[in-house]
Amino acid sequence: MTSSIGMMDSAYFVGRNEILTWINNRLQLNLSRIEGAASGAVQCQIMDMTYPGVVPMHKVNFDAKTEYDMIQNYKILQDVFNKLKIDKHIEVSRLVKGRPLDNLEFLQWLKRYCDSVNGGIMNENYNPVERRVKVGKDRNLKCSTKSSKSLQTNSMNNSGSGDKLGPNITSVAKPFRSIEAEVGANSSVEIQALSKEMSVAIKTILYADDANESALDEAQDYLNQTMNGVGAEAEIEA
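A quick note: this is a predicted structure, and the numbers were derived from the prediction, not measured.

So, how was this worked out
- The numbering scheme is per chain: residues are counted from 1 as the chain's sequence reads.
- Local features in a predicted model are, by the rule used here, given only for residues with pLDDT of at least 70; side-chain atom pairs are given and counted only at 80 or more, and totals for whole chains, interfaces and linings are based on all residues.
- Side-chain metrics rest on all non-hydrogen atoms present in the structure, leaving aside hydrogens and water.
- To qualify as a helix, a DSSP run of H or I must reach at least 4 residues; to qualify as a strand, a run of E must reach at least 2; elements of each kind are numbered from the N terminus.
- Here, residues are in contact when the closest pair of their heavy atoms is within 4.5 Å.
- Note on classification: 1.4 Å probe, protein chains only; a residue is buried when its accessible area is under 20% of the maximum for its type, exposed when over 50%, partly exposed between these limits.
- The rule is simple: put a 1 Å grid over the protein atoms alone, call a set of points where a 1.4 Å probe fits but cannot get out a cavity, call an open set with protein on both sides within 12 Å along at least five of seven lines a pocket, and count a residue as lining if it has an atom within 4 Å of a point.
- Grid points are joined across faces, edges and corners, and a volume is the space filled by probe spheres set on the points.
- Following the grouping adopted for this structure description, the nonpolar residues are Ala, Val, Leu, Ile, Met, Phe, Trp, Tyr, Cys and Pro, the charged ones are Asp, Glu, Lys and Arg, and the polar ones are all others, Gly among them.
- Each helix should span, by expectation, one fewer than its residue count multiplied by 1.5 Å.
- What counts as a salt bridge is simple: a side-chain nitrogen of Lys or Arg found within 4 Å of a carboxyl oxygen of Asp or Glu.
- For this analysis, a polar contact is any N or O atom pair within 3.5 Å, provided that within protein one partner can donate a hydrogen and the other can accept it, and provided that sequence-adjacent residues contribute only side-chain to side-chain pairs.
- Residues enter a nonpolar core if they are buried and are Ala, Val, Leu, Ile, Met, Phe, Trp, Tyr or Cys, with the set joined through side-chain atoms within 4.5 Å.
- Two rings from Phe, Tyr or Trp (for Trp, the six-membered ring) form a pair when their centres sit within 6.5 Å of each other. Planes less than 30 degrees apart are called stacked, planes more than 60 degrees apart edge-to-face, and all others tilted.

### Considerations on the environment of Cys 44
Along the chain, Cys 44 falls in helix 2 (residues 41-50). Taking the C-alpha atoms as reference points, Cys 44 and Gln 78, separated by 34 residues in sequence, lie 9.4 Å from one another. Ignoring anything within four residues of it in the chain, the contact list for Cys 44 reads Val 55, Met 57, Val 60, Asn 73, Ile 76 and Leu 77.

Here it is in structure tokens:
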């Protein structure tokens, strides 16, 4: 049947306004331009209405804006044509450009074909809005699930990496406060010297290549030695 629809067929003399009315009435849309159907989603749903259950509507992207996403919709449509043995090659590369004439001709053909299947009678049991809403919910659910898993993974990775340094840096910082209390009564010269010692330990931590326990232990020992040395000097002076 499809091979008999030539370029001089009456189907190709149907105006764009009639085509838009046909689409809007059946799918309860409000398209004002033929180019609005360039994504291929409209054509997929027209076939879904004509052959309920044949089109995998959960894969159809009604929000397709890029050529890549549009091409995926046309792949679905071409697969449906192949499954139904419809002898029609889809000029995807031309349709995704949004050229009015190319899209009009394809929609003229589609209307002619669908009218030949059901005599132009609408499927009264088909709810186009419900079908689109369901597809949208499924797509949004998948996206939100992926986002949640990604955020959870990043959170676990970040918390894991932070644990390597967090507790050890805290344990190293504790002697700083005890040292300050111990040498609080000493001269400013001793305080300055001790500050230099602590700066060496801090650099050991910050510039450790692998941020492992050995570098932190080394800094801890260095601080303990410094603290013990200060205590010994205080005893001698006393």
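### Section: the environment of His 58
You can see His 58 is positioned in the loop between helix 2 and helix 3 (67-83). Overall, His 58 belongs to the partly exposed group, its relative accessible area being 42%.

### A look at empty space enclosed by the protein
Applying the stated criterion across every chain yields a total of one cavity of 30 Å³ or more. The space that makes up the largest cavity amounts to roughly 90 Å³. Every residue along the wall of the largest cavity is listed here: Trp 22, Arg 26, Ile 46, Met 49, Thr 50, Cys 114, Asp 115, Asn 118, Gly 120, Ile 121, Met 122 and Asn 123. Elements represented by at least two residues in the lining of the largest cavity include exactly helix 1 (16-27), helix 2 and helix 5 (100-118). Classifying every residue of the lining of the largest cavity by side-chain character gives six nonpolar, four polar and two charged.

### Examining helix 3
The terminal C-alpha atoms of helix 3, which comprises 17 residues, lie 24 Å apart, in line with the 24 Å expected from a rise of 1.5 Å per residue. Residues Met 70, Asn 73, Tyr 74, Ile 76, Leu 77, Gln 78, Val 80 and Phe 81 constitute the buried set of helix 3. Along its buried surface, helix 3 packs onto helix 2, helix 4 (92-95) and helix 5. Lys 85 sits one or two positions beyond helix 3 and adopts a positive phi of about 60°.

### Some points on the pattern of salt bridges
Within this structure, the stated rule accounts for six salt bridges. Linking Asp 48 and Arg 131 is a salt bridge whose minimum nitrogen-to-oxygen distance equals 3.0 Å. Here Asp 48, found in helix 2, pairs with Arg 131, found in helix 6 (residues 128-182); they are 83 residues apart in sequence, far enough to count as distant. Take Arg 131: its relative accessible area is 28%, and that puts it in the partly exposed class. The salt bridge partner of Asp 115 is Lys 111, with a shortest N-O separation of 2.9 Å. Of this pair, Asp 115 and Lys 111 both sit in helix 5, separated by four residues, roughly a single helical turn. By relative accessible area, which is 24% here, Asp 115 ends up partly exposed. If you follow the salt bridges from partner to partner, you end up with Arg 94, Arg 99 and Asp 102 in one network.

### Details of unusual backbone geometry
Of note in the backbone geometry, Gln 28 takes a positive phi value of approximately 55° without being a glycine. As for its position among the elements, Gln 28 is in the loop between helix 1 and helix 2. A positive phi angle, near 60°, is found at Lys 85, a position not held by glycine. Mapped onto the elements of the fold, Lys 85 is located in the loop between helix 3 and helix 4.

### Overview of the side chain of Asp 48
On the basis of relative accessible area, Asp 48 is assigned to the buried category, the value being 1%. Engagement of the side chain of Asp 48 in a polar contact is seen with the side chain of Arg 131, the distance being 3.0 Å. Setting aside its immediate chain neighbours within four residues, Asp 48 contacts Gly 53, Val 55, Met 57, Tyr 126 and Arg 131.

### Points about helix 5
Between the first and last C-alpha of helix 5 there are 27 Å, a value that for 19 residues agrees with the 27 Å anticipated at 1.5 Å per step. Among the residues of helix 5, Asp 102, Asn 103, Leu 104, Phe 106, Leu 107, Gln 108, Trp 109, Leu 110, Lys 111, Tyr 113 and Cys 114 are the ones counted as buried. Where helix 5 is buried, its residues meet helix 1, helix 2, helix 3 and helix 4. One or two positions beyond helix 5, positive phi appears at Gly 119, with a value near 70°.

### Topic: the nonpolar core
Core analysis: the biggest nonpolar cluster contains 39 residues, and Ile 23, Met 47, Val 55, Leu 77, Phe 81, Trp 109 and Leu 110 have the highest contact counts within it. In this structure Leu 110 touches Trp 22, Gln 43, Ile 46 and Met 47, once residues within four positions along its chain are discounted.

### Some details on the packing of aromatic side chains
Counted by the stated rule, this structure contains three aromatic pairs. When the ring of Phe 106 is compared with that of Trp 109, the centres are 6.0 Å apart and the planes differ by 15°; the resulting orientation is stacked. One end of the pair, Phe 106, and the other, Trp 109, are both in helix 5, three residues apart, so they sit about a helical turn from each other. Take Phe 106: its relative accessible area is 6%, and that puts it in the buried class. Between Trp 109 and Tyr 113, the ring centres sit 5.6 Å apart and the planes meet at 10°, which makes this aromatic pair stacked. Here Trp 109 and its partner Tyr 113 are both found in helix 5, four residues apart, which amounts to about one turn of the helix.

Take it as geometry only, folks, not as evidence of what the structure does.
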